[in-house]
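Structural characterization, general
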Amino acid sequence: MIERINFWGIPEFWHYVAYVLPMVAAFYMLWRIYRHLSIWWKIGRSENRWDHILQRTWRLIKHGIIQLKVLRQTYPGVMHAAIAWSFFVFFLGTALATIDADFYQFLRSDIYLVFKFVLDIFTITALVGLALAAFRRYIRKPPRLTLSAPFGYALLILFLIVFSGLLTESLRLAAIAQDPGLQPGWEPALAWWTPAGWISAQFWLAFDLVPASLMRTHLGIWIFHMGLVSALFIMLPSSTLAHIITSPANIFFSKLDQPRGKLSPAVNLDAGLVGAATLRDFTWKQLMDGEACTECGRCQDVCPAFTAGQQLSPKELILAISEGLAAQAPTLLASNDHGSETPIFTGEVIKEATLWACTTCGACVEECPVMIEHIDVIVDMRCHLIDQARIDGQLQMALDSLGRYGNSFGQSDRMRAKWTQGIEPKIKDARREPVEYLWFVGDYASYHGSITEITRKTAEVFRIAGLDFGILYEAERHSGNDVRRVGEEGLFEILVEDNTAAMKGCQYQAIVTTDPHTLNTLKHEYPPEINHAHPILHYTELIDDLITSGKICFSKQLDYTVTYHDPCYLGRYNGIYEIPRRILEATGCKLVELPRNRKCALCCGAGGGRIWMEEDEIMERPSEARILEAIQLHGVQVFAVACPKDITMYKDAVKTTGYENRLEVKDIIELVHEAL
Amino acid sequence: MDIAVLLKLVPDLVEELEVDSTGKSLDTTFMRRIINEPDEHALEQALLIKEGSGGSVSVIGLDVADMDDVLFTAAAKGADRQIKLTGEFEHEPNNHDLARLFVSVLKGNPPDLILTGVQAHNDLDGAVGPLVAEYLGLPYVGYIAGVSVENGGITVFKEYTGGLVGELHVSLPAVLGIQSAEKPPRYVAVSKVRQAMKTTSLDERAALELDLSEAAAIERMFVPENGERAKMLEGDVEQVADQIVGLLKNTGVL
Amino acid sequence: MADDIYVLIEHLQGNVTEMSYILLAAGRELAGGTHGELVGLLLGHNVNGLASNIAVNRILMIDHPALAEYTPDAYARAIETLLEQRAPRVVLLGETSIGADVAGGLSARLDIPHISLCRSLRVENDKLHFTSQICGGKILADGELPGPTCLVTLVPGAYKAEAGQGTSAPPIEAVKAPALDGLRVSLQGYLEPNTGDVDITREPILIAVGRGLQQEMNLELTQEIAEVLGGELCASRPVVDQGWLSTSRLVGKSGKHVKPKLYLALGISGAPEHTEGIGDPELFLAINTDSQAPIFEVAHYGAAVDLLDLVPVLTEKIKQVKGG
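Predicted model only: the values in this text are computed from it and were never measured.

Procedures and definitions
- Residues numbered from 1 in each chain as written.
- Chains lettered and ligands numbered in written order.
- Predicted model: local features only at pLDDT ≥ 70, side-chain atom pairs only at ≥ 80, totals over all residues.
- Helix = DSSP H or I, 4+ residues; strand = E, 2+ residues; numbered from the N terminus.
- Rg over C-alpha atoms; globule rule 2.2 N^0.38 Å.
- Buried ≥ 20, exposed ≤ 12 C-beta atoms within 10 Å, placed from the backbone.
- Contact = placed C-beta atoms within 7 Å.
- Axes fitted to C-alpha atoms, helices over the stretch in contact; angles between N-to-C directions.
- Parallel < 35°, antiparallel > 145°, perpendicular 65-115°, else oblique.
- Left-handed = near helix turned anticlockwise from the far one by under 90°.
- Nonpolar A, V, L, I, M, F, W, Y, C, P; charged D, E, K, R; others polar.
- Pairing = 2+ DSSP bridges.
- Expected span 1.5 Å × (residues − 1).
- pLDDT = per-residue confidence, 0-100.
- Core = buried A, V, L, I, M, F, W, Y, C linked by C-beta atoms within 7 Å.

1. With respect to the overall build of chain C
- Helix and strand content of chain C: eight helices and 17 strands.
- Its C-alpha atoms give chain C a radius of gyration of 21 Å, near enough to 20 Å, the size a compact globule of 324 residues would have.
- Projected onto its principal axes, the C-alpha coordinates of chain C cover approximately 65 × 45 × 35 Å.
- Burial statistics for chain C: of 324 residues in total, 58% are counted as buried.
- Within chain C, contacts between residues separated by at least 24 positions form 66% of all contacts whose residues are at least 6 apart in sequence.

This is the structure we're talking about:
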């Protein structure tokens, strides 16, 4: 019966080395990692990320080990998984072998053969993965990659480890093939349980070497292999392979409500914290983000600001944190005791224009395989810029207006319900009488010239469906979603206070809004008395219900071919993807999907307060890119959206791209209205 | 350099304005007051001077509704002292009286430079600046869009009609009417204002007692009648555009 | 003398300002009612030449080297004694960088009333009345001009400069200048306005943009309609302050005075500081979402729609007309 022979062909002296050397190296590695990690909590602010351990562990398995997010993209996914899974298997294999040798011998007979077979298959897998990586890095060279030498060194050492492992196996097999006495129970038919090893062994056999010389070579390469593994341990914390530690850790500690939209910006006046100005104002987790980045560049690929040619690459931004930390850590740690001046990071190392370019669309966060939280840290830094009044004139005008009138349009709060003029019977005032649905109308729907038309249609649809609804009239204020996201936390608080006070006085069963941004903040960021007491719905959810329950019956079927743009705050942030599509189909429209849809939808460019800011020099507006995407689709007549800001963005974009006559931008409610 | 900035609140034009039952003054029941825009520029200019060449900035305002917010905002922006003139201001004083009130504070400890907005949109008896200057016996220059400080005086940039700018030397102390600061007034984060409310105390001074009952020259105040108005083009955007094209044709532009 | 109307003639760099003629036009009407004389106050140094087309009964001229160009200190001191001695019924000054400076100081110094932001003056039953335009033109205030002497600073709008221009030089009475020593304000020089790429004062077709533009990127829309119409863009203060257009395109009090044939005001509320720079266009169209905006007080035609909605449609229609 065949069984695993511990330290096959290795003299006894080397047995001790094989235990001591890698172990010493591993402990040295752990010590270095600890020393490095401790920088995060010595410098960063504290933040509790130890809750929900089970949920976190499950997330670690899904994304750290199985690597579901990595696998979303075929080539890099397969490539990375091939390498990573192989090394997991090698690690597991070594652990099993140790158990077999020192604790409980079980690697014998069939179990042993399967053990060998699995390791052998993953040796091939690893080599294929490494070849794919080398091909991608040196031949394909996708622009999003950081093409620097350390990545090459990492590939080389991994290759040498795997290859030397294969060589030892092949030498062992070649020796046994010549002298079966070297492995009791050996028979030639078993050779194919290690196909890669056996094929490689043919090379040695072709030279007709005696077993003794094969075993000498075997010993030499075995020592080389073990040395490399130890060297890898030693260099790992400071190499690009450090992500083997930091990335899973980052996944484990990632925000649990992600990607749902709750921010808790770095503002605590009592603690003297007003945004993230220095690296000390970053949480330990934000510092970790910087070092968990594998520089894969997927975030950069999906970033609307980067694609538009603005000065923001989410990847570079995150890397700047880790580079900044590397540069500043000695100073920061030294000054820990005597609290001397901390160098300003925000606006210096990371430029203002970079921070303002973000639309908070969440595509980077959605895409990041290691669950880095780009938006939280950007908003924290924006809080500092706001505090320093480093904002452009247009944003200042919008914020001044929001502070004074509760809207960004510079119009009186008393004009908020002007759009209701002429609607008979008058829309109920939710402050005065109970309503079933409290309609939080939102700024754009209330004030923006062409959108108020849509708002009126929404009211009509609600009325036809027999809905009992009311609005807050002039008591409503901007919901604050994007006020928080530009970093004006103080103003956000006031808006929340005002709106909460107004809503608290009303009797209602649910809140409905047409604006996904409003939906997001009401749902995730308002006090529990608002979002725990009653459901908060996007109007598409409500319309969908009304269709299902038969309260909305369409009198005609529209025969438009439409495409649908997922608003960031409806889709990625709140997971509402299918409902709007269902409504579109119910109206009779034929839906053709945009290439980038659902989780991958491209942002229109308006979010995160961008709609209030001056436009930088850009190559192509995201909204225009999106319209061009729709134009490519065969026969699409209507570009359907479900967000008031999208209406303005895309109506502009069809004009500027010159497709005004080919493509009509419509809110879903307009199609519903038309089909009634 | 010690600088005083005189602040005044004016009706917010974003709101519809109405005349009260006397027919002689604005209805203040629902009126929203905001800082006079040129005054905001005056404050900004003062802060810029302070940041450039040192000194202090005091802001002075009358104790009327919303003035506290304005003073705290000024504190949050970087003003060092906030002086609030308290008293009965049921009828807001005209600018002559307002100037006297300001002077009562300024007289005791005159600053090197007094800045105020060149005018307010509701000035009926001239701007405050020149009156304050005259009552204090100081020189006044208005319509200023820039100040540079040098030894023994200042150079100011005065705007004239047509974009012409005069460069004038003014000896100190002096009063300036600011049209616009060198930079647009800075933004101040709400949290800073809230912080200022907690940490700043307003220096309250009882205002000089003035007889403010003196009848103003105003006999009637009114919203301009429609008769003087443009002919409004009705209809949706399409229809309006058609009508405009018609008008352009008639005028021979098209 | 107590019925005389005095007008402070403003001049800069050897030219009488347009405002002076507007003041003269107003003064002429008023003097007609009071049966007094219309008197021009001309302060300067060797400025007889400036009087050539000033339509007044006579000119009081104070000549002094310190008055060669306007400075507030010297002007106020030069006029002070004269006004005290002659006590005219009304002294008319422009609501300008010169007039407003001087009037305020004189009012305090001589303790005479000052009516500012005055839009028009009239005589009713031998009494002088004023109408001031406040709150950005949203409110008018009427009253009787207090006496015996009253300073009035006038905003343009109700009077035409042509009416203040005469054909012959009026008689000049030289008044001795007071001692003008120890002046605290002195002129160092002028910075010439940046004329920029375009001279909007010569453009017959002007498309004016204001706060309603909302975003700099929307300039493109208005740029296009300006091109289609063969005109130029100009702006009100907020647009220039934002840096979206250069100061050379600013219309109004501190900007240019324009005399176009067509003035299309887009998203401009119509504060007097802006509208006073618009000289009598043949066609004055205003677009503003707020149907109560004061711009509709001065425009010939208006529409309460969003410029961002209207302009693309209008541009298209104009293109069609031009193309066809």
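2. What about the overall build of chain A?
- Along the backbone of chain A there are 27 helices and eleven strands.
- In terms of overall dimensions, chain A has a C-alpha envelope of 100 × 65 × 45 Å along the principal axes.
- Here chain A holds 676 residues, and the buried ones make up 48% of them.
- Looking at chain A alone, contacts between residues at least 24 apart form 82% of all its contacts between residues at least 6 apart.

3. Some details on the environment of Ala 320 of chain A
Residues and elements named next belong to chain A.
- Position of Ala 320 among the secondary structure elements: in helix α12 (residues 314-338).
- Along the backbone, Ala 320 and Arg 382 are 62 residues apart, and their C-alpha atoms lie at a distance of 16 Å.
- Once you skip the residues sitting within four places of it in the chain, Ala 320 turns out to touch Val 349 and Ile 350.

4. Some details on the environment of Asn 597 of chain A
- Mapped onto the secondary structure, Asn 597 of chain A falls in the loop between β9 (590-591) and α25 (622-632).
- Taking the C-beta count within 10 Å as the criterion, Asn 597 of chain A has 17 such neighbours and is therefore assigned partly exposed.

5. Things to note about unusual backbone geometry
- Look at the link from Glu 424 of chain A to Pro 425 of chain A: it is a cis peptide, with omega at -15 degrees.
- Structurally, Pro 425 of chain A is set in the loop between α16 (393-405) and β3 (428-429).
- The residue after Gly 147 of chain C, namely Pro 148 of chain C, is reached through a cis peptide bond having omega 0 degrees.
- Note on placement: Pro 148 of chain C falls in the loop between β9 (139-144) and β10 (150-154).

6. A look at the packing of helix α3 (residues 95-106) of chain B against helix α4 (residues 128-136) of chain B
Residues and elements named next belong to chain B.
- α4 packs onto α3 with a crossing angle of 50 degrees between their chain directions and a minimal axis gap of 9 Å. If you check the angle between α3 and α4, you find them oblique. Here the hand of the crossing between α3 and α4 comes out right-handed. Counted together, Asn 95, His 96, Leu 98, Ala 99, Arg 100, Phe 102, Val 103 and Leu 106 of α3 and Val 128, Leu 131, Val 132, Tyr 135 and Leu 136 of α4 form the full contact between these two elements.
- Of the residues that constitute the contact of α3 with α4, the class distribution is ten nonpolar, two polar and one charged.

7. Topic: the interface of chain A and chain C
- Contacts between the two partners involve seven residues from chain A, matched on the other side by nine residues from chain C.
- The set of elements that each furnish at least two residues to the side of chain A that touches chain C consists of α16 and α18 (449-464) of chain A.
- The class makeup of the residues in the side of chain A that touches chain C is no nonpolar, four polar and three charged.

8. Remarks on the interface of chain C and chain B
- Taken together, the contact pairs 75 residues of chain C with 67 residues of chain B.
- Split into classes, the residues belonging to the side of chain C that touches chain B amount to 37 nonpolar, 23 polar and 15 charged.
- Examined bridge by bridge, strand β12 (residues 218-222) of chain B and β9 of chain C share four bridges and lie antiparallel to one another. Within the sheet, the bridge partner assigned to Ile 218 of chain B lies in β9 of chain C and is Gly 143 of chain C.

9. Quick notes on helix α8 (residues 307-323) of chain C
- Taking 1.5 Å per residue, 17 residues should reach 24 Å; α8 of chain C reaches 23 Å between its end C-alpha atoms and fits that length.
- Taken as a whole, α8 of chain C has its buried residues at Leu 307, Leu 308, Asp 309, Leu 310, Val 311, Leu 314 and Ile 318 of chain C.
- Where α8 of chain C is buried, its residues contact α18 of chain A, α6 (237-251) of chain B together with α4 (219-229), β15 (262-266) and β16 (283-287) of chain C.

10. Brief notes about the confidence of the model for chain A
- In this model, chain A carries a mean pLDDT of 93, and residues with pLDDT of at least 70 account for 99%.
- Across chain A, element-level confidence peaks in strand β6 (residues 510-513) of chain A with a mean pLDDT of 98 and bottoms out in α12 of chain A with 87.

11. Looking at the sheet that holds strand β11 (residues 664-667) of chain A
Residue and element names in this part refer to chain A.
- If you walk across this open sheet you meet the four strands as β9-β8-β10-β11, and the pairing is parallel. Each edge of the sheet is formed by a strand with only one pairing partner; in this case those strands are β9 and β11.
- Relative to β11, strand β10 (residues 638-641) runs parallel, the two sharing four bridges. Bridging from a neighbouring strand, Ala 640 pairs with Lys 666 of β11.

12. A few points about the sheet that holds strand β4 (residues 437-439) of chain A
Residues and elements named next belong to chain A.
- Spatially, the five strands line up as an open sheet ordered β3-β5-β4-β6-β7, and their pairing is parallel. Of all the strands in the sheet, the pair left with one neighbour each is β3 and β7 (536-538).
- As defined by bridge partners, β4 adjoins β6 across three bridges and the pair is classed as parallel. Bridge assignment links Trp 439 to a residue of β6, and that residue is Val 512.
- Most of the contacts of helix α23 (residues 539-548) go to β7, to which it runs at about 85 degrees, and overall it touches β6 and β7.

13. Considering the nonpolar core
- Within the largest apolar cluster, 284 residues are counted, with the highest numbers of intra-cluster contacts made by Val 5 and Val 132 of chain B together with Val 7, Leu 92 and Val 152 of chain C.
- No other element matches the nine residues that helix α1 (residues 18-34) of chain C contributes to this core.
- For Val 7 of chain C, the residues in contact, after removing those within four places along its chain, are Leu 23, Leu 24, Gly 27, Leu 38, Gly 40, Leu 41, Val 56 and Leu 92 of chain C.
- With 51 residues, the next largest nonpolar core counts Ile 207, Leu 213, Val 251 and Ile 268 of chain C among its residues.

14. Some thoughts on helix α3 (residues 74-102) of chain A
- The terminal C-alpha atoms of α3 of chain A lie 41 Å apart, and with 29 residues this matches the ideal 42 Å at 1.5 Å per residue to within 8%.
- Where α3 of chain A is concerned, the buried positions are Pro 76, Met 79, His 80, Ala 82, Ile 83 and Ser 86 of chain A.

15. Things to note about the confidence of the model for chain C
- Chain-level pLDDT for chain C is 90 on average; 98% of the residues reach the 70-or-more range.
- As a predicted assembly, this complex carries a pTM of 0.89 together with an ipTM value of 0.90.

16. Looking at the packing of helix α1 (residues 12-43) of chain A against helix α9 (residues 284-292) of chain A
Residues and elements named next belong to chain A.
- At a minimum axis distance of 8 Å, the contact between α1 and α9 shows a crossing angle of 140 degrees. When the axes of α1 and α9 are compared, the crossing they make is right-handed. In contact with Trp 40, Trp 41 and Ile 43 of α1, α9 contributes Trp 284, Leu 287 and Met 288.
- For the contact of α1 with α9, a count of residues per class yields six nonpolar, no polar and no charged.

17. Examining the pairing of strand β7 (residues 114-124) of chain C
All names here are of chain C.
- The sheet contact formed by β7 and β10 spans three bridges and is parallel. Each bridged residue has a counterpart across the sheet, and for Ile 115 the counterpart in β10 is Val 152.
- Across six bridges, the pairing between β7 and strand β8 (residues 127-134) is antiparallel. Its bridge partner lying in β8, Leu 121 is registered against Phe 130.
- Counting the residues that bridge the hairpin from β7 to β8 gives two residues, and of these Asn 125 lies at a positive phi of roughly 50 degrees.

18. Side note on the pairing of strand β7 (residues 140-150) of chain B
Residue and element names in this part refer to chain B.
- Alignment of β7 against strand β10 (residues 174-178), held across three bridges, turns out to be parallel. Looking at β10, one finds that Tyr 140 is bridged to Val 175.
- Pairing of β7 with strand β8 (residues 153-159), which is carried by five bridges, proceeds in the antiparallel orientation. Note that in β8 the partner of Val 147 across the bridge is Val 156.
- Following β7, the chain reverses through two residues before pairing antiparallel with β8; Gly 152 in that reversal takes a positive phi of roughly 75 degrees.

19. Some points on the environment of Ile 251 of chain A
- In this structure, Ile 251 of chain A sits in helix α8 (residues 243-252).
- Sequence-distant contacts of Ile 251 of chain A, defined by excluding residues within four places in its chain, comprise Arg 59, Leu 60, His 63, Gly 64, Val 370 and Met 371 of chain A.

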